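Architecture at a glance
Below, each chain spelled out in residue letters.
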Amino acid sequence: MFVFDIDGTLLSSQEEILPNTLLSLQKLNESGHPVALCTGRTWACTEPIFKQISPWVDYIICGNGSHIRSSNQTIIYDNNLPPHFIKQFIELVAGLADFLIATNRMVISTSNFTPYNDVSHCIRLFDFSLFHTQIHAKNLLAYNIEQIPSCDRKEIRARLEGIDPTIKLSPTSNFWEVLSGTDNKALALRRLSIHAGIPLEQFTAFGDNHNDIEMFKVVGKSVVMGNAPSKVMEYAHYITKSNNQDGIYDYLNKYVFN
């Protein structure tokens, strides 16, 4: 099984899949190797990428492990943030900073201008009158938090962290990203391993960022892109070229296709 992160790995910095990367996916498929995508994006933001390569992809892991589906759209696993957390998050942040709610189907935001560069095709503006507490959110993001006075920002952050022990807030200072503390890429690959009947020792995972570290720890081979931070490279069995230099193709051409 070959597993590919999307941003910074499968995609170049211009948000494109390079021709040799496309060729690599096709050759893996023709050789009988299952292929999976494993991304922090929700399904709404993953689907346009999947459509470009769907003939050669067998499984899709989205939302940092909170959603797994097969290429024929069979749902293997799905988990959402607790509704009570979403409600309190909105109550604490609304009117002070912008925020978005990412679901499998769309991104609901208070602004068209978000820190994410991949949501323009699926964004909807937030409507408080239509909000309901049963919304199936994969992650939340509060941004433009510099608008909040520093002392209030610390208090709000502390209150968010105290709502639910199963919730994980990113340490990033310029925005607050909320993810499920019970899901990650490593757990998702364990679930996929059981479902597909392929031992994790036979998985090769490609990635470039901190949320890939957990999956690197459980797979047989971890291939880290040359554009990754040095901390991420510490978990590499192999460091390949960057996402802009055909890093995926370079590794596969050396160690798999020959």
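To be clear, the structure that these remarks concern was listed above.
Okay, so let's go over this structure.

How each quantity is defined
- Residues numbered from 1 in each chain as written.
- Predicted model: local features only at pLDDT ≥ 70, side-chain atom pairs only at ≥ 80, totals over all residues.
- Heavy atoms only, no water.
- Buried < 20%, exposed > 50% of the residue type's maximum accessible area, 1.4 Å probe, protein only.
- Helix = DSSP H or I, 4+ residues; strand = E, 2+ residues; numbered from the N terminus.
- Contact = heavy atoms within 4.5 Å.
- Core = buried A, V, L, I, M, F, W, Y, C linked by side-chain atoms within 4.5 Å.
- 1 Å grid on protein atoms, 1.4 Å probe; cavity = no way out; pocket = protein on both sides within 12 Å on 5 of 7 lines; lining within 4 Å.
- Points joined across faces, edges and corners; volume = space filled by probe spheres on them.
- Phe/Tyr/Trp six-rings, centres within 6.5 Å; stacked < 30°, edge-to-face > 60°.
- Lys NZ or Arg CZ within 6 Å of the ring centre and 35° of its normal.

Structural notes on helix 9 (residues 247–255)
- Those residues of helix 9 lying buried are Gly247, Ile248, Asp250, Tyr251 and Leu252.
- In this structure, the buried residues of helix 9 make contact with strand 1 (2–4), helix 1 (6–10), helix 2 (19–30), strand 12 (204–207), strand 13 (221–224) and strand 14 (238–239).

What to know about the environment of Lys241
- Note on placement: Lys241 falls in the loop between strand 14 and helix 9.
- By relative accessible area, which is 41% here, Lys241 ends up partly exposed.
- Sequence separation between Lys241 and Ala228 is 13 residues, and the spatial gap between their C-alpha atoms is 9.9 Å.
- For Lys241, the contacting residues outside a window of four places in its chain are Met225, Gly226, Gly247 and Asp250.

Overview of the nonpolar core
- Ranked by size, the top nonpolar core spans 26 residues in total, and within it Phe4, Leu10, Leu37, Ile53, Phe206 and Leu252 carry the most contacts.
- Within the residue set of this core, elements represented by two or more residues are strand 1, helix 1, helix 2, strand 2 (35–38), helix 3 (43–53), strand 3 (59–62) and helix 9.
- Broken down by element, the residue count for this core peaks at 4 residues, all from helix 3.
- With residues near it in sequence (within four places) discarded, Leu252 still touches Phe2, Phe4, Ser24, Leu28, Phe206 and Phe257.
- Judged by nonpolar contacts, the second largest core, of 25 residues, contains Phe89, Ile90, Ala142 and Val178.

Focus on the layout of surface pockets
- There is about 1100 Å³ of room inside the largest pocket.
- Of all the secondary structure elements, the ones that give two or more residues to the lining of the largest pocket are helix 1, strand 6 (98–103), strand 10 (167–169), strand 11 (176–180) and helix 7 (213–216).

Here's the deal with the packing of aromatic side chains
- Counted by the stated rule, this structure contains 11 aromatic pairs.
- An aromatic cluster is present here, built from Phe4, Phe206, Tyr238, Tyr251 and Tyr255 joined pairwise through their rings.
- The positively charged end of Lys27 is found above the aromatic ring belonging to Phe257, 4.4 Å away from the centroid.
- Above the ring of Trp43, the side-chain terminus of Arg69 is found at 4.1 Å from the ring centroid.

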